[in-house]
Amino acid sequence: KMAEEAAAKSCQDVCRLREKQTQLYAQLNGIFAEMKESGNDEIDEDVYETMRSSYQQAFVFAAAELEAATTALQQVKRLIAAKEFGASGVGGSGRLPKDAWNHAGRYILPTGTLVAGCTDANSNPKLWILCSVVRYMTARQRYQVADEDAGDAANPNPLRKLYTLDAARIIPLFTMTEYPLSRRKVFKPNDRVLALYPTTTTLYPASVQSLRRSERKYILVFDDDDGREITVDARYVVPIDDDQ
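Criteria and cut-off values
Residues numbered from 1 in each chain as written. Predicted model: local features only at pLDDT ≥ 70, side-chain atom pairs only at ≥ 80, totals over all residues. Heavy atoms only, no water. pLDDT = per-residue confidence, 0-100. Helix = DSSP H or I, 4+ residues; strand = E, 2+ residues; numbered from the N terminus. Contact = heavy atoms within 4.5 Å. Salt bridge = Lys/Arg side-chain N within 4 Å of Asp/Glu carboxyl O. Buried < 20%, exposed > 50% of the residue type's maximum accessible area, 1.4 Å probe, protein only. Core = buried A, V, L, I, M, F, W, Y, C linked by side-chain atoms within 4.5 Å.

1. Overview of the confidence of the model for the protein chain
Next, step 1: Looking at the protein chain, the pLDDT average stands at 84 and 84% of residues meet or exceed 70.
Next, step 2: The spread of mean pLDDT over the elements of the protein chain runs between helix H2 (residues 45-85), the lowest at 81, and strand S8 (residues 217-222), the highest at 98.
Next, step 3: Contacts for the low-pLDDT stretch residues 84-94, under 50 throughout, to residues beyond four places or in other chains number 22 contacts.

What follows is the structure in structure tokens.
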């Protein structure tokens, strides 16, 4: 029920943000209609500022709507996958478990879900990279994922490499809206974790120094990084394997 309520709220957010944009565009259309009726193509300073402000607000609302729609889509897909899988949460109720990362055998991650994928279990440490789910292959009980490497100036549109991984080699990276700190394990100082190193798409072992709860960020020291303290969003900090 909680997952369904969260999806419903996200859909309501999408509608609310779209309505705000509609109101702004109606205001802008009214200004253009008045200009056309008066035959005056010149825009005075006050009208210009009103139009500029309206367009800026519309842009902000559009960006927020896109984010809300993406979240809603992921939540709805997860609800559908949970019902198809028939075992999401306790008693197959369709609820996601409290542990944000324990998904194996519980529910299917929908297409587009951002995950950490272990693409080389034999390296030391194991290689975990940022990926997104392409599809779940039911017959093989494996996920196909694509790396999230955004490229660089020399190669801005790199070919995304595909991997086939079992559920044990995938860790979901749910948003803080989907899984706030209250619904995930809070790591304590000196806890060992796996975390996304800033400006990269690779997750490395690290030790927790502290949590900035209000900012939803951890202060970490990554292994072999000269003891530097690095700030990482809580979304990208996950439990580490005992043999990592």
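2. Brief notes about the pattern of salt bridges
Opposite charge on two side chains makes pairing possible when the charged atoms of those side chains draw close.
Next, step 1: With the rule as written, the count across this model stands at ten salt bridges.
Next, step 2: A salt bridge links Lys-217 to Asp-233, with the shortest nitrogen-to-oxygen separation between them at 2.4 Å. Note that Lys-217 is positioned in strand S8 and Asp-233 in strand S9 (residues 229-233), a separation of 16 residues in sequence.
Next, step 3: The partly exposed category is assigned to Lys-217, whose relative accessible area is 25%.
Next, step 4: For Asp-233, a relative accessible area of 33% gives the class partly exposed.
Next, step 5: For Arg-228, the salt bridge is made with Asp-225, and the minimal N-O distance between the two is 2.9 Å.
Next, step 6: Through salt bridges that share partners, Lys-9, Asp-13 and Arg-16 make up one connected network.

3. Looking at the environment of Glu-215
Next, step 1: Among the structural elements, Glu-215 can be located in the loop between strand S7 (202-212) and S8.
Next, step 2: Take Glu-215: its relative accessible area is 41%, and that puts it in the partly exposed class.
Next, step 3: In this structure the C-alpha to C-alpha distance between Glu-215 and Asp-233, which are 18 residues apart in sequence, comes to 8.3 Å.

4. Some remarks on the side chain of Ser-54
Next, step 1: Within the secondary structure layout, Ser-54 lies in helix H2.
Next, step 2: The contacts of Ser-54, once residues within four sequence positions are left out, are Leu-24, Gln-27 and Leu-28.

5. Some details on the nonpolar core
Next, step 1: Within the largest apolar cluster, 29 residues are counted, with the highest numbers of intra-cluster contacts made by Leu-220, Phe-222 and Val-237.
Next, step 2: Of all the elements in the fold, those that place two or more residues in this core are strand S1 (114-120), strand S2 (127-137), strand S6 (192-196), S7, S8, S9 and strand S10 (237-239).
Next, step 3: Per-element tally for this core: the top contributor is S6, with four residues.
Next, step 4: For Phe-222, the residues in contact, after removing those within four places along its chain, are Ala-195, Leu-196, Tyr-197, Pro-198, Tyr-204, Pro-205, Ala-206, Arg-228, Ile-230 and Val-232.
Next, step 5: Counting residues in hydrophobic clusters, the runner-up holds 15 residues, among them Val-115, Val-145, Ile-170 and Tyr-179.

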